[in-house]
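Geometric and topological summary
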Amino acid sequence: PSSILMSLMASGFNGQSFAFQGYLPIEKADRSTRLKQLEKRIYSEHQTQIFIETPYRNNRLIAELCRTLPGNMRLCVASDITGEKQSIITLPLSKWSKREYNYDKIPSIFLIYS
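Cut-off values and rules
- Residues numbered from 1 in each chain as written.
- Predicted model: local features only at pLDDT ≥ 70, side-chain atom pairs only at ≥ 80, totals over all residues.
- Heavy atoms only, no water.
- Helix = DSSP H or I, 4+ residues; strand = E, 2+ residues; numbered from the N terminus.
- Buried < 20%, exposed > 50% of the residue type's maximum accessible area, 1.4 Å probe, protein only.
- Polar contact = N/O pair within 3.5 Å; in protein donor to acceptor, adjacent residues only side chain to side chain.
- Contact = heavy atoms within 4.5 Å.
- Pairing = 2+ DSSP bridges.
- Axes fitted to C-alpha atoms, helices over the stretch in contact; angles between N-to-C directions.
- Disulfide = S-S within 2.5 Å.
- 1 Å grid on protein atoms, 1.4 Å probe; cavity = no way out; pocket = protein on both sides within 12 Å on 5 of 7 lines; lining within 4 Å.
- Points joined across faces, edges and corners; volume = space filled by probe spheres on them.
- Nonpolar A, V, L, I, M, F, W, Y, C, P; charged D, E, K, R; others polar.

The residue N58 is located in helix 3 (residues 58–68) in this model. Residue N58 is classed as buried on the basis of its relative accessible area of 0%. Only 3.5 Å separates the side chain of N58 from the side chain of S108, close enough to count as a polar contact. Setting aside anything within four residues of it in sequence, one finds N58 in contact with E53, Y103, I106, S108 and F110.

This is the structure:
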């Protein structure tokens, strides 16, 4: 739990209202529906949405977030928290879609906010 809170603090997102979603659905249609639901909560409740993914699917998740959500929505990827290669990067999805990244097999926490 401490890595989740550390990620939230470092993201710069709303720390007063947030929800930890755990793992998102695996099935593409279900995941897309869930992401749209999270987007609505961000806008209606001003709530940071936090979730995790199996490390070998991290890169695919980022790509899917870029395809599914608005480009101005911000994504924070907090990886290897408290580890030697700790990295916390917050950017709009429009920039993530053009960025080179490799979070394959690296434990990461994902946060989205408007």
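Looking now at the sheet that holds strand 5 (residues 108–113). Overall, mixed pairing links the five strands, which are arranged 1-2-5-3-4 in an open sheet. Each of the sheet's edge strands pairs with one partner strand only, and the pair in question is strand 1 (18–23) and strand 4 (87–92). Between one strand and the next, the sheet's axes are offset by a mean angle of 20°, whatever the strand orientation. Running over the sheet, helix 3 touches strand 2 (48–52), strand 3 (74–79) and strand 5 and is turned about 10° from strand 5.

So, on to the state of the cysteines. This model, assessed by the stated rule, comprises zero disulfides. Not part of a disulfide, C66 finds its nearest cysteine sulfur in C76, a span of 14 Å.

Moving on to the layout of surface pockets. Gaps between atoms show up when a probe of the same size as a water molecule is rolled over them. One number sums up the size of the largest pocket: a volume of about 160 Å³. Lining the largest pocket are I26, K28, R31, E53, R57, R60, L61, A63, E64 and R67. Taken together, the elements giving at least two residues each to the lining of the largest pocket come down to helix 2 (28–45) and helix 3. The biggest single contributor to the lining of the largest pocket is helix 3, with five residues. Residues belonging to the lining of the largest pocket are distributed by class as follows: three nonpolar, no polar and seven charged.

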